[in-house]
Amino acid sequence: MYVAALKGIPKDMAKKRANELLEVVGLSNVANKKVKTFSGGMKQRVVIAMALACSPALLLADVAFKTGAYVQGFPEYGPERMGAPITAYNRISRDEIRVHSNIYTPDLVVVVDETLLESVDVTAGLMEDGAIIINTAKSKEEIMPHLKGYKGDVFTVDARKISVEALGKYFPNSPMLAAAVAVTGVMKKDEFIHEMRASYKHKFAKKPEVIDGNMKALTMTFEALESDLSQNRECA
């Protein structure tokens, strides 16, 4: 619930999301107990649930690091109130990273919550030769009027539809993570899939259905973006 509150999720939605995450990690039967009463293994599963609630940006940093890249991944929390948005940053490079600051001119922006388009300038500082990915069921044409005339590449991914079909529940992290990799090419698809499977196997060793569902969500996202990426390459 605490992580959900930091992410600005309304209380009723936060409770529902927390219960879903506890079910995923096998702790739904102890949802009302205090963490201090948990065993070491149970506490590890709480940490996994918290990681699942975090931004896909932080998950991307972890995967990129495992492929040998230099990475930075860090969140920036807004005002301490419900509904305040969270921004999470990544720097990923094959060379050593010597800059330590927020990112003011990103190459890529990933918008997990499309309602932010009404209140946040999501394209502020975004490079015109970069790209933006938005989690929405709407088309690119429907989204463009909300992007303040941005001239770069725009991609839409229906992470809700993908995750519900693959996992039976709404978990946008895997689809949005795959979308970021597909659009940027920051790592090879096969390498990414391999590392994600290893990560899921470690986190959900006793829940093969969760592993398979997340892997399906990754694959579905790559397939959903294939046409748009092909068109972009032809126009380049």
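Residues numbered from 1 in each chain as written. Predicted model: local features only at pLDDT ≥ 70, side-chain atom pairs only at ≥ 80, totals over all residues. Heavy atoms only, no water.

(A) Broad picture of the overall build of the protein. For the protein, the count of helices and strands is nine helices and five strands. Mapped from its N terminus to its C terminus, the protein presents α and β elements in the order α-α-α-α-β-β-β-β-α-β-α-α-α-α. Relative to its full complement of 236 residues, the protein shows a buried share of 41%. Sequence separation of at least 24 residues holds for 53% of the intrachain contacts in the protein that already meet a minimum separation of 6. Looking at the protein as shown, the accessible area adds up to about 13700 Å², and 53% of this sits on carbon and sulfur atoms. (Helix = DSSP H or I, 4+ residues; strand = E, 2+ residues; numbered from the N terminus. Buried < 20%, exposed > 50% of the residue type's maximum accessible area, 1.4 Å probe, protein only. Contact = heavy atoms within 4.5 Å. Areas by Shrake-Rupley, 256 points an atom, 1.4 Å probe, with all protein chains shown as cover.)

(B) Expanded view of the confidence of the model for the protein. Confidence along the protein averages 81 in pLDDT terms, with 76% of residues attaining 70 or more. The least confident element of the protein is helix α1 (residues 2–6), whose mean pLDDT is 35; the most confident is strand β5 (residues 153–157), at 96. Confidence over residues 1–10 falls short of pLDDT 50; this stretch has 22 contacts with residues more than four positions distant or in other chains. (pLDDT = per-residue confidence, 0-100.)

(C) Inspection of the packing of helix α7 (residues 173–184) against helix α8 (residues 189–203) at higher detail. At a minimum axis separation of 12 Å, α7 and α8 run at an interaxial angle of 155 degrees. As the angle between them shows, α7 and α8 are arranged roughly antiparallel. Crossing geometry of α7 relative to α8 is assigned as right-handed. Counting all contacts with α7, which are made through Ser 174, Leu 177, Ala 178 and Val 181, the residues of α8 involved are Phe 192, Met 196 and Tyr 200. (Axes fitted to C-alpha atoms, helices over the stretch in contact; angles between N-to-C directions. Parallel < 35°, antiparallel > 145°, perpendicular 65-115°, else oblique. Left-handed = near helix turned anticlockwise from the far one by under 90°.)

(D) Highlighting the nonpolar core. Counting residues in hydrophobic clusters, the biggest one holds 35 residues, and the most contacted among them are Phe 192, Leu 218 and Leu 225. Every element with two or more residues in this core is listed here: α4 (56–66), β4 (131–135), β5, α6 (159–167), α7, α8 and α9 (208–235). At nine residues, the largest contribution of residues to this core is made by α9. The residues contacting Leu 218, other than those within four sequence positions of it, are Ser 174, Ala 178, Phe 192, Ile 193, Met 196 and Tyr 200. Within the second largest apolar cluster, eleven residues are counted, among which are Leu 117, Val 122, Ile 143 and Val 154. (Core = buried A, V, L, I, M, F, W, Y, C linked by side-chain atoms within 4.5 Å.)

(E) Representation of the sheet that holds β4 in the model. The sheet built from three strands is open, its strands ordered β3-β4-β5 with parallel pairing. Lying at the two open borders of the sheet, with one neighbouring strand each, are β3 (108–111) and β5. Within the sheet, the average angular offset between the axes of one strand and its neighbour, ignoring direction, is 15 degrees. The pairing of β3 with β4 spans four bridges and is parallel. When the sheet's bridge partners are listed, Val 110 is paired in β4 with Ile 133. Those strands touched by α7 are β3, β4 and β5, and its axis lies near 160 degrees from that of β4. (Pairing = 2+ DSSP bridges.)

(F) Main features of the side chain of Asn 135. Checked against the element boundaries, Asn 135 lands in strand β4. The class for Asn 135 is buried, based on a relative accessible area of 6%. Looking at Asn 135, its side chain comes within polar contact range of the main-chain nitrogen of Ala 159, at 3.1 Å. Looking at Asn 135, its side chain comes within polar contact range of the side chain of Tyr 170, at 2.8 Å. Setting aside residues no more than four positions away along its own chain, Asn 135 makes contact with Val 111, Val 112, Glu 114, Val 157, Asp 158, Ala 159, Arg 160, Tyr 170, Pro 172 and Met 176. (Polar contact = N/O pair within 3.5 Å; in protein donor to acceptor, adjacent residues only side chain to side chain.)

(G) The arrangement of the packing of aromatic side chains in detail. Throughout the structure, instances matching the rule amount to two aromatic pairs. Over the ring of Tyr 170 we find Arg 160; its NZ or CZ atom is 3.9 Å from the centre of that ring. (Phe/Tyr/Trp six-rings, centres within 6.5 Å; stacked < 30°, edge-to-face > 60°. Lys NZ or Arg CZ within 6 Å of the ring centre and 35° of its normal.)

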